[in-house]
Amino acid sequence: MTERIVGVVLAGGRSARFGRDKLAVAIEGRSMLDHAITAVEQVAGSVVVVAPPDSVPAMASDARLVHDSRAFEGPLAGLATGLNALDPTLERVLVVGGDMPTLVPAVLRRLIDALETHEAAVLADDAGPRPLPIALRRSAAAPALTRLLSTGERRLRALFVELDVVVVPSATWRLDDPEGLTLRDVDVPGDLPL
């Protein structure tokens, strides 16, 4: 663990397809959100959780909770909220979704390591680059977020054209995660790990 890396966990979605607050669903005795936070804590020195206004998700960790200024503006706005809440001296940022309960810390470290030569790093699977998890250099990401949000953009994938992004291929990151668990996110109850 290092103080030079900070984690941002995006927890501002509606859970509309899931039918209830999916981040509160218990998996092996802990909330889905806690699983994501715990994985990030193994890589980052501190973690910020970004939630909708007035939301107080149950968290077993000492992660810092911050709130979007407006609810459900999308992941790009949530990321901007998270970056604005960070100590400005922290440059390397790891971003995950709160609905990613099976993140593998060794894969997250690979993303952070890729920032040595790039502004951002993402993982690819058979369908191509995935928006989360993503590692970012704050100095490059913050102005890109401002530009994108000013145009009405809300998708994380829009960052891919704004930043110098390295895509870590499946053959590389699956050395640490053969089953591909890191890319599992939960949108509907059937996506829950067994």
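To be clear, the structure that these remarks concern was listed above.
Residues numbered from 1 in each chain as written. Predicted model: local features only at pLDDT ≥ 70, side-chain atom pairs only at ≥ 80, totals over all residues. Heavy atoms only, no water.

**Describing unusual backbone geometry**
As a rule of thumb, non-glycine residues mostly have phi less than zero, and peptide bonds are mostly trans rather than cis.
Part 1 of the reasoning: Of note, the amide linkage connecting Leu132 to Pro133 takes the cis form, showing an omega dihedral of -5 degrees.
Part 2 of the reasoning: Secondary-structure assignment places Pro133 in strand E8 (residues 128-137).
Part 3 of the reasoning: With phi around 50 degrees, Glu28 is a residue other than glycine that occupies positive phi space.
Part 4 of the reasoning: Within the secondary structure layout, Glu28 lies in the loop between strand E2 (26-27) and strand E3 (30-31). (Helix = DSSP H or I, 4+ residues; strand = E, 2+ residues; numbered from the N terminus.)

**With respect to the sheet that holds strand E1 (residues 5-10)**
Part 1 of the reasoning: Taken in spatial order, the seven strands line up as E5-E4-E1-E6-E8-E7-E9 in an open sheet, and their pairing is mixed. Two strands lie at the open edges of the sheet, namely strand E5 (64-67) and strand E9 (165-168), each paired on one side alone. Shown here is a sheet whose adjacent strand axes are inclined to one another by a mean of 30 degrees, direction ignored.
Part 2 of the reasoning: In this sheet, E8 lies alongside strand E7 (residues 120-125) in antiparallel orientation, the contact comprising five bridges. (Pairing = 2+ DSSP bridges. Axes fitted to C-alpha atoms, helices over the stretch in contact; angles between N-to-C directions.)

**Side note on the nonpolar core**
Part 1 of the reasoning: If you look at the biggest cluster of nonpolar residues, it comprises 64 residues, and the most contacted ones within it are Val9, Val95, Leu136 and Leu159.
Part 2 of the reasoning: In terms of residues, this core owes the most to one element, helix H1 (residues 32-41), which gives six residues.
Part 3 of the reasoning: Beyond its immediate chain neighbours, meaning those up to four positions away, Val95 contacts Val8, Leu10, Leu79, Leu132, Pro133, Ile134 and Leu136. (Core = buried A, V, L, I, M, F, W, Y, C linked by side-chain atoms within 4.5 Å. Buried < 20%, exposed > 50% of the residue type's maximum accessible area, 1.4 Å probe, protein only. Contact = heavy atoms within 4.5 Å.)

**Side note on the pairing of E1**
Part 1 of the reasoning: Burial of E1 is extensive: six of the six residues sit out of reach of the surface.
Part 2 of the reasoning: Side chains Ile5, Gly7 and Val9 of E1 all project onto a buried face; the interleaved residues Val6, Val8 and Leu10 project onto the opposite face, where all are buried too.
Part 3 of the reasoning: Two elements, E1 and strand E6 (residues 92-97), share six bridges in a ladder whose sense is parallel. Looking across to E6, one finds that Gly7 is bridged to Leu94.
Part 4 of the reasoning: Bridge count for E1 against strand E4 (residues 46-51) is five bridges, and the pairing is parallel. Residue pairing for E4: Val9 is matched across the bridge by Val49.

**Focus on the packing of helix H2 (residues 75-84) against helix H4 (residues 138-150)**
Packed helices, taken two at a time, are described by the angle between their axes plus the distance between the axes.
Part 1 of the reasoning: Running from N to C, H2 and H4 cross one another at 135 degrees; their axes reach a closest spacing of 10 Å. As far as their axial angle goes, H4 and H2 are oblique. Viewed along their axes, H2 and H4 form a crossing whose handedness is left-handed. Counted together, Leu76, Ala77, Leu79, Ala80 and Leu83 of H2 and Arg138, Ala141, Ala142, Leu145, Leu148 and Leu149 of H4 form the full contact between these two elements.
Part 2 of the reasoning: Considered class by class, the residues forming the contact of H2 with H4 number ten nonpolar, no polar and one charged. (Parallel < 35°, antiparallel > 145°, perpendicular 65-115°, else oblique. Left-handed = near helix turned anticlockwise from the far one by under 90°. Nonpolar A, V, L, I, M, F, W, Y, C, P; charged D, E, K, R; others polar.)

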